[in-house]
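So the chains spell out like this:
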Amino acid sequence: MPKINIKSTTATSANETFIKVKNFLTMSDDLKKIDPNLQINFNESQKTGIAKGHVFSAIIAVTENSPGSEVSLTLDLPMKFALMKGLIKNTLEKKLSQALG
């Protein structure tokens, strides 16, 4: 499976960033359209999450990064999306950046 790795830094604390990322992922209509069966399990204490669906899976982590925090998102795509990997990565980076504000 092709992988997409996205990292984004922000000036906000890891706690604030995790809440923003969690809201972005759970409230995103775009993700629900792509994979209506997507289930995301978050570990609040470790600021991580695992998303599994029929179309893709992902690992999410928020870590402290002085001054602020870093978001890491690793997405596993099926082979049929391999040619669109760049477009998917750019779109996710843009949407994540907007969510982190």
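Source: prediction; values computed, not measured.

Attention now moves to the overall build of the protein. Assigned secondary structure in the protein consists of three helices and five strands. Each helix and strand of the protein, ordered N terminal to C terminal, gives the series β-α-α-β-β-β-β-α. Expected size for 101 residues packed as a compact globule is a radius of gyration near 13 Å; at 13 Å, the protein falls within 12% of this value. Relative to its full complement of 101 residues, the protein shows a buried share of 36%. Taking all contacts inside the protein whose residues are at least 6 apart in sequence as the whole, residues at least 24 apart take part in 53%. As displayed, the protein has an accessible area near 6300 Å², and 55% of this comes from carbon and sulfur atoms. For the protein, the distance from the average site of its 13 positive side-chain charges to the average site of its 9 negative ones is 5 Å.

Each neighbour pair has its own omega, and for serine 66 with proline 67 the value is -10 degrees, a cis peptide bond. Within the secondary structure, proline 67 is located in the loop between β4 (57-64) and β5 (69-76). Positive phi, normally seen in glycine, also occurs at lysine 47, with a value near 55 degrees. By the element assignment, lysine 47 lies in the loop between β2 (39-43) and β3 (48-52). Here lysine 47 falls in the buried class, since its relative accessible area comes to 17%.

Calculation rules
- Residues numbered from 1 in each chain as written.
- Predicted model: local features only at pLDDT ≥ 70, side-chain atom pairs only at ≥ 80, totals over all residues.
- Heavy atoms only, no water.
- Helix = DSSP H or I, 4+ residues; strand = E, 2+ residues; numbered from the N terminus.
- Rg over C-alpha atoms; globule rule 2.2 N^0.38 Å.
- Buried < 20%, exposed > 50% of the residue type's maximum accessible area, 1.4 Å probe, protein only.
- Contact = heavy atoms within 4.5 Å.
- Areas by Shrake-Rupley, 256 points an atom, 1.4 Å probe, with all protein chains shown as cover.
- Lys, Arg positive; Asp, Glu negative; His and termini not counted.
- Charge placed at Lys NZ, Arg CZ, Asp CG, Glu CD.

Nothing here speaks to function; it is all geometry.
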